[in-house]
Amino acid sequence: MSPARETRTRKTSKTTEAPKTAKTPRASKSVRKSGKGASADRPGAAHRRDLLHAMLRIRRFEERCVELYSAAKIRGFVHLYIGEEAVAVGVNEALTADDAVVSTYREHGHALARGIPAEAVMAEMYGRTTGCSGGRGGSMHLFDANRRFYGGNAIVAGGIPLAAGLALADRMRGQPRVTCCFFGDGAFAEGEFHETANLAALWHLPLLLVCENNRYAMGTALERHEAQTDLALRAASYGMVSWAVDGMDAEAVETAAHRAAGGIRAGAGPHFLELRTYRFRAHSMYDPDRYRDKAEIERWKAQDPIERLTDRMRERGELDDKEPAEAERRIGDEVDQAVEAAEQAPEESSESLLRHVTSTPAEVS
Amino acid sequence: MGPGRTDERKTTYREALREGLREAMRSDDRVFLMGEDVGRYGGCFGVSLGLLEEFGPERVRDTPLSESAFVGAGIGAALAGMRPIVEIMTVNFSLLALDQILNNAATLLHMSGGQLPVPLVIRMTTGAGRQLAAQHSHSLEGWYAHIPGIRVIAPATLEDARHMLAPALADPDPVLIFEHGVLYNASGELGPPAAAVDLDHAAVRRSGTDISLITYGGSLPKALMAADELAVDGISAEVVDLRTLRPLDGGTIAASVARTHRAVVVDEAWRTGSLAAEVSARIAEGSFYELDAPVERVCSAECPMPYARRLEEAALPQVTDIVAAAHRAVD
């Protein structure tokens, strides 16, 4: 069995490209099943509304996080996803409850899209017992074992080997599941990405590698940290099906993710998606954002994934006038309730400090 | 097996480890072995020789030279319900996987609020004595023993080599097993286990009344030889094998010092910031009024491990060093 190979050789540009068809029969078969041609999977207006609302929900949740951070309710490092919502929402559409997700420290969007309740995420940022990590993780370390959401990894590229292991277990037991691993463009400079890309391709692991290329490794621009900035091209060199996608278009992301996940489920080994996106806010709440040109930020804001989808739906007459307002109200209520619940939730007592260091308390130490 | 039956047989530390691996893989199909050259090569030190033929390439899995990736993959597979045994060739190479061991394996359970235990076993070779110079010879297990969230064990006897793996695999948390390179060829009789081998307690390998020689791993044979020499000099030395380096069995250490009132800690790692320092500090904290003499330490010289035989021998704790330290404490 050899994995489908699809290399891109064109020079990287700021614009993104439509995905191209994979070359092997095995992969293309699965593509036809879940790609644009298949009417069963073709997103309709109702589905587009769902995508839009899911992105709005993440956006509003995080905007509230900004307020709460300013009010010193939330502390630590908080990395906002604002601008990148199309990636989490689009990719999530291709995943089932049985699949697994490994994420980064910029993972509020991934966690919410995966179905972790807003209350549990907010409570975690408050450091409360009801948080999805019991208050031990905070913004960068959201976990939910039942939803197979394995964090929340704050070492750049550190989650990628772990994701390969989840995929390895599935492969060894013949379980047709996908492990989806999110990471940023900065991970391309880490050995752990390259070690794992090689391992995953070598072992044909059912791994979906999702690179959120937001063009900055913290404050260092892609051109300043990568000698070759065409990330999909480099991933393809490992023998993975690999392509770049407009990460500001939720529908394009979804289509690509379906195609990649379909290929993986069909046994074509790991797939790599480079999702070209942009964060509208600074790297973290500490970041004064001195390294980006304001005009560049404005150019990308013109590609706001929420506005783009809204405009597209309006053009098609798929949104009536009251609809966004209604969704906004519902989302606002949900975020209000999450904040209220976090405010009311108990804090961990300091007596519980050593709980969960080991599964059973050490008899001797 | 009945207690009256003589079932002892000649074996080596290497074969005992292999027997433990074979038993684990036969009894639990979630168990698999992966690492560099564990399959076709038979293991860098021959520990897994023959296992590929018995269990096949899915369960005896040769990896690329990517310590971080395959250790991380072990963690992920453990999270997904497998029971991986990851072999790293030497402790020096394990530093390439330190991110995964510390930031993921040791941390995930706590960071996730108790949701994600990591039932992973990592085996690696440690220690000097084979003229392998400064990148294959160090004893860094004390660094690992610094980390909350993992268990660190060091089998020093045939019985522990044979029987520590099963409880390590049964542990819901990560267990690091340090196999000293000079022990692989150690041979002797291995009988059926007297009782279930536990991972919580140190063992008194030789009883004595005048001084406690506290050690582990590759230094245990040296401490036992030193005890023989000391007996000739009329000094009765007790030898304590720590076995588990984290969590440390402070009770057994304190009980031994309470019997002998003197202690020499023998540790092949560098003295500064070492496990020997930790053991000494615990004796000072908990057994100060039992002591009739200052605690002595015998450790490696504070230099990268040299190649030349004479230099390597000079760098390592030797039997004569242990005997001399014991005399300083007793005389």
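As the structure is a prediction and not an experimental result, all values here were calculated from the model.

Undergrad: Describe the domain arrangement of chain B, listing the residues and the values that go with them.
TA: Accessible area lost upon the coming together of the parts serves often as the stated size of an interface. Residue and element names in this part refer to chain B. The domains assigned to chain B are domain 1 (9-190) and domain 2 (203-330). Averaged C-alpha coordinates put domain 1 and domain 2 at centres separated by 26 Å. Each side of the interface is counted separately: domain 1 has 24 residues, and domain 2 has 20 residues. In terms of residue class, the side of domain 1 that touches domain 2 is made up of twelve nonpolar, nine polar and three charged.

Undergrad: I'd like a description of the interface of chain B and chain A, backed by residues and values.
TA: At the interface, 39 residues of chain B touch 37 residues of chain A. Within the residue set of the side of chain B that touches chain A, elements represented by two or more residues are α3 (67-79), α5 (98-105), α6 (108-111) and α11 (250-260) of chain B. Here the element with the most residues in the side of chain B that touches chain A is α3 of chain B; it accounts for ten residues.

Undergrad: Please give an account of helix α10 (residues 250-265) of chain A that cites residues and values.
TA: All names here are of chain A. The end-to-end C-alpha distance of α10, which contains 16 residues, comes to 22 Å, matching closely the 22 Å that a straight helix rising 1.5 Å per residue would cover. Counted residue by residue, α10 has 15 buried out of 16 residues, so it is predominantly covered. Just downstream of α10, G267 is the residue with a positive phi angle, here 95°.

Undergrad: Before we move on, could you go through the packing of helix α6 (residues 159-173) of chain A against α3 of chain B and cite the residues and values that matter?
TA: Two numbers describe how α6 of chain A lies on α3 of chain B: the axes approach to 6 Å, and their chain directions differ by 55°. Judged on the interaxial angle alone, α3 of chain B and α6 of chain A are oblique. With respect to the hand of their crossing, α6 of chain A and α3 of chain B are arranged in right-handed fashion. On α3 of chain B, the residues that touch P161, L162, A163, A164, G165, L166, L168 and A169 of chain A of α6 of chain A are S68, A69, G72, A73, G74, I75, G76, A77 and L79 of chain B. In terms of residue class, the contact of α6 of chain A with α3 of chain B is made up of twelve nonpolar, five polar and no charged.

Undergrad: Talk me through the environment of I74 of chain A; I want residue IDs and the actual numbers.
TA: For I74 of chain A, the position within the fold is in the loop between α2 (45-70) and α3 (85-92). In the structure, I74 of chain A is positioned 48 residues away from M122 of chain A in sequence and 9.0 Å away in space, judged by C-alpha atoms.

Undergrad: Account for the nonpolar core, with residues named and values stated.
TA: The biggest cluster of nonpolar side chains holds 199 residues, and the ones touching the most others in it are A164 and C181 of chain A together with L213, V264 and A326 of chain B. A domain-level breakdown of this core finds at least three residues from each of domain 1 (9-190) and domain 2 (203-330) of chain B. Residues contacting V264 of chain B, with those up to four places away along its chain left out, are I211, L213, E296, V298, I322, A325, A326 and A329 of chain B.

Undergrad: For helix α10 (residues 220-232) of chain B, give the residues involved together with the corresponding values.
TA: Residues and elements named next belong to chain B. When the terminal C-alpha atoms of α10 are compared, their 19 Å separation across 13 residues agrees well with the 18 Å that a helix rising 1.5 Å per residue should span. Turning to α10, its buried residues are L220, K222, A223, A226, A227 and L230. Across the axial projection of α10, the buried residues extend over an arc of 150°, all falling on one side. Turned more than 90 degrees off the buried face of α10, the exposed positions are D228 and V232. Turning to α10, the residues buried within the fold contact β9 (203-206), β10 (211-215), β11 (237-241), β13 (263-270) and α14 (319-330). Directly after α10, the chain includes G234, whose backbone phi takes a positive value near 85°.

Undergrad: I'd like a description of the sheet that holds strand β2 (residues 149-153) of chain A, backed by residues and values.
TA: Residues and elements named next belong to chain A. If you walk across this open sheet you meet the six strands as β2-β1-β3-β4-β8-β7, and the pairing is parallel. Two strands in the sheet have a free side with no partner beyond their single neighbour: β2 and β7 (241-246). Across the sheet, the mean angle from the axis of one strand to that of its neighbour is 15°, orientation sign disregarded. Pairing analysis gives three bridges linking strand β1 (residues 100-104) to strand β3 (residues 179-184), with the strands arranged parallel.

Undergrad: Just give me the short version of the sheet that holds strand β3 (residues 60-62) of chain B, but keep the residues and values in it.
TA: All names here are of chain B. Taken together, seven strands build an open sheet; the order of strands is β3-β2-β4-β5-β7-β6-β12 and the sheet is mixed. On the outer flanks of this sheet lie β3 and β12 (244-246), each paired with one strand and no other. The average angle at which neighbouring strand axes cross in this sheet is 20°, direction not considered. Pairing analysis gives two bridges linking strand β6 (residues 151-153) to β12, with the strands arranged antiparallel. Bridging across to β12, V152 finds its partner in R246. Along the sheet, α3 makes contact with β2 (31-35), β4 (83-90) and β5 (121-126), crossing β4 at roughly 160°.

Reading the values: the criteria
- Residues numbered from 1 in each chain as written.
- Chains lettered and ligands numbered in written order.
- Predicted model: local features only at pLDDT ≥ 70, side-chain atom pairs only at ≥ 80, totals over all residues.
- Domains from an automatic or database assignment.
- Contact = placed C-beta atoms within 7 Å.
- Nonpolar A, V, L, I, M, F, W, Y, C, P; charged D, E, K, R; others polar.
- Helix = DSSP H or I, 4+ residues; strand = E, 2+ residues; numbered from the N terminus.
- Expected span 1.5 Å × (residues − 1).
- Buried ≥ 20, exposed ≤ 12 C-beta atoms within 10 Å, placed from the backbone.
- Axes fitted to C-alpha atoms, helices over the stretch in contact; angles between N-to-C directions.
- Parallel < 35°, antiparallel > 145°, perpendicular 65-115°, else oblique.
- Left-handed = near helix turned anticlockwise from the far one by under 90°.
- Core = buried A, V, L, I, M, F, W, Y, C linked by C-beta atoms within 7 Å.
- Arc of directions from axis to C-beta.
- Pairing = 2+ DSSP bridges.

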